[in-house]
Amino acid sequence: MQLNKNIAISDSGFIFNPSTGDSFSTNPVGLEIIRLLRENKKKDAIIKELTGRFSIDDSTAEKDLSDFLLVLRNYQLLNDHE
Amino acid sequence: MSKRKITVAVTGLNNIDSPGPGVPVIRALKESLLFDVRIVGLSYESLEPGLYMHDLVDKSYQVPLPSAGISSLLERLHYINEKEEIDVIIPNFDAELHNFIKLEKQLRSDFGIASFLPTSEQFESRHKSVLYEFGEANDVKVPFSKMIFSASEIEGLKKEFTYPLVIKGKYYDASVAATPEQAVNYFHKISAKWGLPIIVQQFVSGNEVNVTALGDGKGNCIGAVPMRKLYITDKGKAWAGISLDDEKLIEISNRVIGNSKWRGGCELEFIKSNEGEYYLLEMNPRFPAWVYLAVGCGQNHPEALVQMALGEKVVPFTDYERGKLFIRYSFDQIVNLSEFEKISTLGEL
Amino acid sequence: MSNLTYERPFIQKLNTGTMNKFGTRTEYAPVTHLESVPVKRIVADYGSPCFVISERQIRKNYQDAVRAFKTRYPKVQFAWSYKTNYLDAVCNIFHQEGSWAEVVSIFEYRKALNNGVPGNKIIFNGPDKSAADLELAVDNNSLIHIDHFDELYELAALLQASKKKARVAIRVNMDTGVYPMWDRFGFNYENGQAWNAITKIMSQQEMELVGLHCHIGTYMLSAAAYGTAAWKLCDLAVNIKTKWNKSLQYLDLGGGFASANTLKGSYLQGADVIPSIDDYAEAITSTILNSAIRQNELPMLILETGRALVDDAAWLVGSVVATKRLSDGRRATIMDFGVNLLFTAFWYNHKVSPAQEFSHHTEDMVLYGPLCMNIDVIRDSVNLPLLNKGDHVVVHKVGAYNMTQWMQFIQMRPKIIIIDMEGKTHIVRESESLETMLRYEKRPDHLSQSSL
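Residues numbered from 1 in each chain as written. Chains lettered and ligands numbered in written order. Predicted model: local features only at pLDDT ≥ 70, side-chain atom pairs only at ≥ 80, totals over all residues. Heavy atoms only, no water.

Participant: Describe the sheet that holds strand S1 (residues 4-10) of chain B, with residues and values.
Facilitator: Residue and element names in this part refer to chain B. Pairing in this open sheet of 4 strands is parallel, and the strands run S3-S2-S1-S4 from one edge to the other. Two strands lie at the open edges of the sheet, namely strand S3 (59-62) and strand S4 (88-90), each paired on one side alone. Neighbour-to-neighbour, the strand axes of this sheet turn through a mean angle of 25 degrees, independent of strand direction. Judged from the 3 bridges that link them, S1 and S4 form a sheet pairing that is parallel. Residue pairing for S4: valine 8 is matched across the bridge by valine 88. Against the sheet, helix H1 (residues 22-30) contacts S1, strand S2 (35-43) and S4, and its axis sits at roughly 165 degrees relative to S2. (Pairing = 2+ DSSP bridges. Helix = DSSP H or I, 4+ residues; strand = E, 2+ residues; numbered from the N terminus. Axes fitted to C-alpha atoms, helices over the stretch in contact; angles between N-to-C directions. Contact = heavy atoms within 4.5 Å.)

Structure representation (structure tokens):
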């Protein structure tokens, strides 16, 4: 699970994928997850980060993260090559 | 005399292959001899070319689509106006006019934003579906037409029409049918796309000629410039056109604008039949995308519209240059991603 | 980061298309209170889903409509269209305000009697009135609006046999320039059928022709069509006066005024395109006043407005059951109410507001109901803030037809409450239970049990 290289991320939540030319906008939690992905953090580590920073339980974090990763894959921002 | 500084908001910045009238209107205003115009562009999409034309558009904002409703539009204009203090607003899309017409009074009284639009009744009266009645009321010939709701009505059309006929959609699309079978075919095609009713119009053969015109709402035609398309794109839009010397056409245009007391800009589309008769085919309730030709011919219609919106008296234009051409060209702007990011995420540029 | 509140992570592709988030916030403004009652309290006290009716809004709508007509025309009478919403509490608000009853079945007729409406203030419309129904209406001196010749002849025979008298009107259908033309009810104006019916009635000693009725359609976007309808009724009235020297007591223009809901397929918002009640009033009254009917013989004008008086006076409060993602990547949100309660979702794009605060991020989604049925879709595509399981929403303008056309299917029907003029809440219809349903079932002995 890896964020595609060269993806540009701005503080406003604007994401640009130079290899496809697509642009996206994300919310603060989404932006944080993308940053963690860029640091090569694994799913479990991201869930830990999320539950540590917000008052949410593990299952909410896991459910929301799984859904978000699915969308990132759909948008070709994430690939599954380990 | 020094020029007065004003701020004008303009929509229709989609200067693409089937262009909106926004950019031509802005060019006209930038050339005003009376006003020093600051332009606020209003866009619906983040790729409208006008957004990135910084020599013409001083500041841009995204606005909600007409389908989002009047209250959304009002809220957005309120926000924009607090920053920009707009003096005049010129909407340039058919689809947004309904909302802007309904808001005209409130924009003026609550925000001090003036506009100069047709009344709701005028706007409704020139719809394709009732254009024949519009013609009768305003003493201009319109090819005989009729609304139909079912393909079974086509058989009976023989009594009132002679083939070929034009089968038209309520909003867009038109096809010429030479036989009832073709008419039935087009009926189904067009109604599947645009719904009912379908408008059946008597086909008139001849040359298409267009007029860009401006009415003062009191029965005076402030200006009118006739044009014939010299070349059209595959979308049927003018690629190049030339201003005509045609007194009869000007006279008819004056009559339509005068009798209907048209208020604001408009485009009249005529067909000049082989017998030399003029038939009104369509009346668009705003400036056409080729309105800048009028400026080139000596009639700055957008400037005059701004004057009238501000409550100033305007003397009708009496002359224009004949034989002037407009030739449209496309132009690739180079834009930094940061600009696209700005308009996309902040809704302002 | 630590000072942020949690919101489900969200990412959206920026299309070259429009940015919904600018300027359209009004649609998403959270609706935390209905009038002064917190949505949270409604859910806590009455459950979710729950229909909520505003007495204040109904009275206001009614008074505004009456004012629009009475300032233009001397004799105006409204008759509440029972089928639009026949909860007794709702009907009685209208009756308290002075409205008569307009019913289209013997069930509705008895409901009106039960509400204390005098028989002579009940208008009996509709294509299905049995001989017994007609007899009851005759005995109560109600206004019988005849729909077809079979009914006309049946009533004539019945009156001749009983030697009683009836006050009748005919329903007239006509071309008013709108499509589709409603020609299934009543007698046609253009082809002379209406005149034939009138002639037949005038030949009957036992029938008194007191009025003419029409109802040209529903959700009418053209006020001018009512002008046309009024003109055609006036034309008949004038001809009746000429031929029989008979002045009619009333013209009933029916209902059909649009509410501010947005029809599916409409590009513009319903609220932005519908005529105002004043527009309708002007079209109708100016036509009658300018007709050949003499000033001192002007008939009473009856209106059977339903939808426009009650639609925006009720909300449906509901909750998110789950959110999921469809195979094509679209977000789907499942609500605890569906087309079982919101019948009008078949033709309206109902406005849905979240009932709690949220960020400016929105996503496109399908709104599904709770039924295990593919047709249970509330909105095919709607842009809403990020919703989570347990969040509450408010559906707007649901007062017309939903509380009569809803169905007990898969789910039980929920409570309906009303907020009174003081802001107090009252249950006006209890939620259904298993017992409610079983009460009507019978089990033959051999089908009374099983042993699995």
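And the narrative resumes.
Participant: An account of the environment of asparagine 120 of chain C is requested, with residue identities and associated values reported.
Facilitator: Residue and element names in this part refer to chain C. Here asparagine 120 lies in the loop between helix H5 (106-114) and strand S7 (122-124). Here the alpha-carbon distance between asparagine 120 and tryptophan 100, two residues 20 residues apart in the chain, equals 9.1 Å. Setting aside anything within four residues of it in sequence, one finds asparagine 120 in contact with Asn140, Asn141, Ser142, Leu143 and Arg167.

Participant: Any details on the environment of serine 152 of chain B? Residues and values, ideally.
Facilitator: Tracing the chain through its elements places serine 152 of chain B in the loop between strand S5 (145-148) and strand S6 (165-168). A C-alpha to C-alpha distance of 8.3 Å links serine 152 of chain B and valine 184 of chain B, two positions 32 residues apart in sequence.

Participant: Give me the lowdown on the domain arrangement of chain B, citing residues and values where you can.
Facilitator: On domain assignment, one finds that chain B holds domain 1 (4-115 + 332-346) and domain 2 (144-202). Using only C-alpha atoms to locate each centre, domain 1 of chain B and domain 2 of chain B end up separated by 37 Å. (Domains from an automatic or database assignment.)

Participant: Summarise the packing of aromatic side chains; cite the residues concerned and give the values.
Facilitator: Residues and elements named next belong to chain B. For the structure shown, the criterion picks out 29 aromatic pairs over all chains. A ring pair is formed by tyrosine 132 and phenylalanine 144, whose centres lie 5.1 Å apart and whose planes are at 90 degrees; its orientation type is edge-to-face. With a gap of 12 residues between them, tyrosine 132 in helix H5 (residues 131-138) and phenylalanine 144 in the loop between H5 and S5 connect regions that are remote in the sequence. Residue tyrosine 132 is classed as partly exposed on the basis of its relative accessible area, which comes to 22%. (Phe/Tyr/Trp six-rings, centres within 6.5 Å; stacked < 30°, edge-to-face > 60°. Buried < 20%, exposed > 50% of the residue type's maximum accessible area, 1.4 Å probe, protein only.)

Participant: Kindly report on the sheet that holds strand S10 (residues 221-232) of chain B, identifying the contributing residues and their values.
Facilitator: All names here are of chain B. What the 6 strands build is an open sheet, ordered S13-S12-S9-S10-S11-S14; its pairing is antiparallel. Here the strands that pair on one side only, and so sit at the sheet edges, are strand S13 (278-284) and strand S14 (325-327). When strand polarity is set aside, the average angle formed by the axes of neighbouring strands in this sheet is 30 degrees. Two elements, strand S11 (residues 238-243) and S14, share 3 bridges in a ladder whose sense is antiparallel. If you follow alanine 240 over to S14, its bridge partner there is isoleucine 327.

Participant: Now, about unusual backbone geometry: what can you tell me, with residues and values included?
Facilitator: The omega torsion of the bond from tyrosine 163 of chain B to proline 164 of chain B falls at 5 degrees, within 30 degrees of zero and hence cis. If you trace the backbone, proline 164 of chain B turns up in the loop between S5 and S6. A cis amide bond, omega 0 degrees, links serine 48 of chain C with the succeeding residue proline 49 of chain C. By the secondary structure assignment, proline 49 of chain C is in the loop between helix H2 (39-46) and strand S4 (50-54). Despite not being glycine, lysine 163 of chain C has its phi angle at roughly 60 degrees, a positive value. Looking at the element boundaries, lysine 163 of chain C is found in the loop between helix H7 (149-162) and strand S9 (166-173). In this structure, isoleucine 410 of chain C is a non-glycine residue whose phi angle is positive, near 70 degrees. Looking at where isoleucine 410 of chain C falls in the secondary structure, it is placed in the loop between helix H13 (402-405) and strand S20 (416-419).

Participant: Hey, could you go over the interface of chain A and chain C for me, with residue numbers and the actual values?
Facilitator: Taken together, the 27 residues of chain A in the interface contact 18 residues of chain C. Both faces considered, chain A and chain C share a buried interface measuring about 2,100 Å² in area, 65% of it formed by carbon and sulfur atoms. Taken together, the connections running from chain A to chain C amount to 3 salt bridges. Put simply, arginine 331 of chain C and aspartate 67 of chain A hold a salt bridge, and the shortest N to O gap is 2.7 Å. One can count 10 residue pairs in polar contact (both at pLDDT 80 or more) joining chain A with chain C. Those elements that provide at least two residues to the side of chain A that touches chain C are strand S3 (14-17), strand S4 (22-26), helix H1 (28-38) and helix H3 (58-74) of chain A. Its residues assigned to classes, the side of chain A that touches chain C shows 15 nonpolar, 7 polar and 5 charged. Across 3 bridges, the pairing between S4 of chain A and strand S1 (residues 11-13) of chain C is antiparallel. Bridge pairing links threonine 26 of chain A to isoleucine 11 of chain C in S1 of chain C. (Buried area = accessible area lost by both parts, 1.4 Å probe. Salt bridge = Lys/Arg side-chain N within 4 Å of Asp/Glu carboxyl O. Polar contact = N/O pair within 3.5 Å; in protein donor to acceptor, adjacent residues only side chain to side chain. Nonpolar A, V, L, I, M, F, W, Y, C, P; charged D, E, K, R; others polar.)

Participant: Account for the nonpolar core, with residues named and values stated.
Facilitator: Residues and elements named next belong to chain C. Core analysis: the biggest nonpolar cluster contains 108 residues, and Leu155, Ile170, Leu253 and Ile284 have the highest contact counts within it. Per element, the largest residue contribution to this core is 10 residues, and it comes from helix H9 (residues 223-244). Residues from two domains meet in this core; each of domain 1 (25-53 + 312-433) and domain 2 (56-311) gives at least three. Setting aside chain neighbours within four positions, we find isoleucine 170 in contact with Ile146, Phe187, Ala194, Ala197, Ile198, Ile201, Leu209, Gly211, Leu212 and His213. (Core = buried A, V, L, I, M, F, W, Y, C linked by side-chain atoms within 4.5 Å.)

Participant: So what's going on with helix H4 (residues 88-97) of chain C? Residues and values would help.
Facilitator: Taken together, the buried positions of H4 of chain C are occupied by Val90, Cys91, Ile93, Phe94 and His95 of chain C. On its buried face, H4 of chain C sits against S4, helix H3 (55-70), strand S5 (76-81), strand S6 (100-103), helix H12 (307-310) and S20 of chain C.

Participant: Any chance you could break down the pairing of S2 of chain B for me, citing the residues and the numbers?
Facilitator: Residues and elements named next belong to chain B. In terms of residue burial, S2 counts as a mostly covered element, since 7 of its 9 residues are buried. By the bridge criterion, 7 bridges tie S1 to S2 in an arrangement that is parallel. In the strand pairing of S2, valine 8 is matched with isoleucine 39. Following the chain from S1 across H1 to the adjacent parallel S2, one finds a crossover that is right-handed. (Right-handed = clockwise from strand over helix to strand, strands pointing away.)

Participant: Mind laying out the pairing of strand S17 (residues 362-368) of chain C, listing which residues take part and the relevant values?
Facilitator: All names here are of chain C. Taken across its 7 residues, S17 has 5 buried, putting it largely inside the fold. Sheet analysis places strand S15 (residues 331-335) next to S17, joined by 4 bridges and oriented parallel. Residue threonine 333 lies in a different strand from S17, and its bridge partner there is leucine 367. Relative to strand S18 (residues 377-385), S17 runs antiparallel, the two being bridged by 6 bridges. When the bridges of S18 are listed, threonine 362 appears paired with proline 385.

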